[in-house]
Protein chains: 2
Amino acid sequence: MRADARRNYERLLTEAGAAFGEKGTEASLEDIAKAAGVGVGTLYRHFPTRQDLILAVLRDRFEAMAATARDLTCDDPGRALREWLLAQLHHITATRGLTAELAVAVNNPESPLHGQCEALFSVSHDLLGRAKETGAVRPDLTQADLATIVHGIAWACESDPVRQERLLDLFLEGVLV
Amino acid sequence: MRADARRNYERLLTEAGAAFGEKGTEASLEDIAKAAGVGVGTLYRHFPTRQDLILAVLRDRFEAMAATARDLTCDDPGRALREWLLAQLHHITATRGLTAELAVAVNNPESPLHGQCEALFSVSHDLLGRAKETGAVRPDLTQADLATIVHGIAWACESDPVRQERLLDLFLEGVLV
DNA sequence: AAATATACGGAGGCTGCCTCCGCTTACGCA
DNA sequence: TGCGTAAGCGGAGGCAGCCTCCGTATATTT
């Protein structure tokens, strides 16, 4: 890849991330191109469809999430699981405007991003397995349950991390007495 | 209102409901007008903005929801609450494509639809109050918690009622052992 | 320095949004 | 029954964003 091409690619990715965060996935691609200082043609060559651009932005974010997962150093499996779910909530919120796309990727094996999810799934799987072994969580709980509820909560109070945490805890502890 | 105007209004509402259900809130308004057998001008006169049309469709759905609420006849307050939440899930799912709008209405007091929500809130409030009195649910639970989590779940598995029910039950019973 | 492969960018065709205004029609009144 | 008019109708047209296409510019190679 030529140097100028790489430079434009990076700038487009940065601007797209900002634009999607501000205006959601419907942000004008022409504006993104303009912000990156290139013509629309260049944008479309690098990212033939809006979807491609969204996916490229998300790919970046997955890295960060996976890094967080590796850094989890909590001994108590129950707590570790909670920490991990909370970290996911923060990441999803930081990816504002792309929550819906993320949820699709997580729930739909057809998604081109599903592969990226696998890495995160295996983290969840491990944490969940350990938590089950120690009897910290109910044995019928699945990793898919967790992924879905986390996205649901992130989406339902996108801009309010305090409520997110509260709902997560309600989910973990239960509502019925 | 003239008879023809009323007729067109109704048809537009019907077609809009169908279109939004199929294609989401981004459905083409020109197509909706065509489907209703009127020109776009007529559509825009009745519903000056897309938002107005969406809100009008939702208003209809709220009726149905309120009716369901009135029909709840379960003695055990804990069960009654669960039934009500489940009924809400079904209604929200039936309003496919408008879930996001609904969530906004519920969470944002500024929304023109917020008034419609009040009726439902009072039902929730009553059921929740009774459940708390009998000690069926934790006392710090709020009606807003319920509204938000129900929308989150409905959104996160929009097309899978079975998973919705499962997640609701996980939420009610809790995950930690 | 020349050759060439690669990338750039914006004009242009298309679709959908929304407005505006001349045409049509339902309805009340004689 | 027939007429006048307020109310309603509908689509042409201007605008914005999407995406394609291809002539021009430039990085890289020899």
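Residues numbered from 1 in each chain as written. Chains lettered and ligands numbered in written order. Predicted model: local features only at pLDDT ≥ 70, side-chain atom pairs only at ≥ 80, totals over all residues. Heavy atoms only, no water.

Going by what an unreviewed UniProt entry lists, chain A is known as TetR family transcriptional regulator and is assigned to Herbidospora solisilvae.

*Asks:* Just give me the short version of the packing of helix 1 (residues 3–23) of chain A against helix 4 (residues 50–71) of chain A, but keep the residues and values in it.
*Replies:* All names here are of chain A. The N-to-C vectors of helix 1 and helix 4 enclose an angle of 90 degrees; their axes lie 10 Å apart at closest approach. On the basis of the axis angle, helix 1 is roughly perpendicular to helix 4. Packed against helix 1, whose contacting residues are Y9, L13, A16, G17 and F20, the element helix 4 presents R50, L53, I54, A56, V57, D60 and R61 at the interface. (Axes fitted to C-alpha atoms, helices over the stretch in contact; angles between N-to-C directions. Helix = DSSP H or I, 4+ residues; strand = E, 2+ residues; numbered from the N terminus. Parallel < 35°, antiparallel > 145°, perpendicular 65-115°, else oblique. Contact = heavy atoms within 4.5 Å.)

*Asks:* I'd like to hear about the protein's contact with DNA strand D, residue by residue, with values.
*Replies:* Neighbouring DNA strand D are 20 residues; Y44 and R50 of chain A together with R2, N8 and G41 of chain B lie closest to it. Atoms of DNA strand D within 4 Å of the protein belong to the sugar or the phosphate in 57% of instances, the rest to bases. S28 of chain A has a polar side-chain atom sitting 3.5 Å from a phosphate oxygen of DNA strand D. Contact between DNA strand D and R45 of chain B: a phosphate oxygen at 2.9 Å from a side-chain N or O atom of the residue. Among the secondary structure elements, those contributing two or more residues to the surface near DNA strand D are helix 1 and helix 2 (29–35) of chain A together with helix 1 (3–23) and helix 3 (40–46) of chain B. Ranked by residue count, the leading element in the surface near DNA strand D is helix 3 of chain B, at five residues. (Near = heavy atom within 4 Å. Polar contact = N/O pair within 3.5 Å; in protein donor to acceptor, adjacent residues only side chain to side chain.)

*Asks:* With reference to specific residues and values, describe the interface of chain A and chain B.
*Replies:* Of the residues lining the interface, 32 residues belong to chain A; the matching set on chain B comes to 32 residues. For the pair chain A and chain B, the summed buried area comes to about 3000 Å², and 62% of that belongs to carbon and sulfur atoms. Between R166 of chain A and D140 of chain B there is a salt bridge, with the nearest N and O atoms lying 3.7 Å from each other. Taken together, chain A and chain B are joined by 22 residue pairs in polar contact (both at pLDDT 80 or more). (Buried area = accessible area lost by both parts, 1.4 Å probe. Salt bridge = Lys/Arg side-chain N within 4 Å of Asp/Glu carboxyl O.)

*Asks:* I'd like to hear about the relation of the copies chain A and chain B, residue by residue, with values.
*Replies:* Least-squares fitting of chain A to chain B yields an RMSD of 0.1 Å, with the transformation described by 0.0 Å of translation along the axis and a rotation of 180 degrees. Both chain copies can therefore be described as sitting about a two-fold axis. For chain A, the minimum C-alpha distance to the rotation axis belongs to G174 of chain A and amounts to 1.6 Å. Of all interface residues in chain A, 100% are interface residues in chain B too; the two copies therefore contact each other through one and the same surface. (Least-squares fit on C-alpha atoms with pLDDT ≥ 70 in both.)

*Asks:* If you had to explain the packing of aromatic side chains to someone new, which residues and values would you point to?
*Replies:* Per the stated rule, a full pass over the model turns up three aromatic pairs over all chains. Taken together, a centroid distance of 4.6 Å and an interplanar angle of 0 degrees make the contact between W155 of chain A and W155 of chain B stacked. Here W155 of chain A is found in helix 8 (residues 143–156), whereas its partner W155 of chain B is found in helix 8 (residues 143–156) on a different chain. Exposure class is identical for W155 of chain A and W155 of chain B. Each is buried. (Phe/Tyr/Trp six-rings, centres within 6.5 Å; stacked < 30°, edge-to-face > 60°. Buried < 20%, exposed > 50% of the residue type's maximum accessible area, 1.4 Å probe, protein only.)

*Asks:* Break down the protein's contact with DNA strand C for me, citing the residues and quoting the values.
*Replies:* Inspection of the region around DNA strand C gives 20 residues, with R2, N8 and R45 of chain A together with Y44 and R50 of chain B positioned closest. Put simply, 59% of the atoms of DNA strand C that lie within 4 Å of the protein are in sugar or phosphate. Between DNA strand C and the protein, one listed contact pairs a phosphate oxygen with a backbone N or O atom of G39 of chain A at 3.2 Å. Contact between DNA strand C and R50 of chain B: a phosphate oxygen at 2.6 Å from a side-chain N or O atom of the residue. Counting only elements with at least two residues in the surface near DNA strand C, the list comes to helix 1 and helix 3 (40–46) of chain A together with helix 1 and helix 2 (29–35) of chain B. Counting residues per element, the surface near DNA strand C draws most heavily on helix 3 of chain A, at five residues. Taken together, the residues of the surface near DNA strand C sort by class into seven nonpolar, six polar and seven charged. (Nonpolar A, V, L, I, M, F, W, Y, C, P; charged D, E, K, R; others polar.)

*Asks:* If you had to explain the UniProt feature "DNA-binding region" (unreviewed entry) in chain A to someone new, which residues and values would you point to?
*Replies:* On the UniProt side, "DNA-binding region" (unreviewed entry) is annotated at positions that read residues 28–47 of chain A here. End C-alpha to end C-alpha, residues 28–47 of chain A measures 14 Å, and it is 70% helix and 0% strand. (UniProt positions renumbered as here; feature names shortened; annotations may be inferred.)

*Asks:* Give me the lowdown on the domain arrangement of chain A, citing residues and values where you can.
*Replies:* Where interface size is given, it is often the accessible area lost as the parts come together that is meant. Residues and elements named next belong to chain A. Taken domain by domain, chain A comprises domain 1 (1–48) and domain 2 (54–173). Each of domain 1 and domain 2 has a C-alpha centre, and these two points are 28 Å apart. Listed per partner, the contact involves nine residues of domain 1 and nine residues of domain 2. Together, the buried faces of domain 1 and domain 2 total about 630 Å²; carbon and sulfur atoms form 75% of this surface. (Domains from an automatic or database assignment.)

*Asks:* Quick one: what's the story with helix 6 (residues 99–107) of chain B, residue by residue and with numbers?
*Replies:* For helix 6 of chain B, every residue scored as buried is listed here: T99, L102, A103, A105 and V106 of chain B. For helix 6 of chain B, the arc enclosing every buried residue in end-on projection is 160 degrees, short of the 170-degree limit, so these residues lie on one face. (Arc of directions from axis to C-beta.)

*Asks:* Residues and numbers for helix 9 (residues 161–173) of chain A, please.
*Replies:* Residue and element names in this part refer to chain A. The end-to-end C-alpha distance of helix 9 is 18 Å, a good match for the 18 Å that 13 residues give at a rise of 1.5 Å each. Among the residues of helix 9, those classed as buried are Q164, L167, L168, D169, L170, F171 and L172. Looking at the residues trailing helix 9, positive phi occurs at G174, about 90 degrees. (Expected span 1.5 Å × (residues − 1).)

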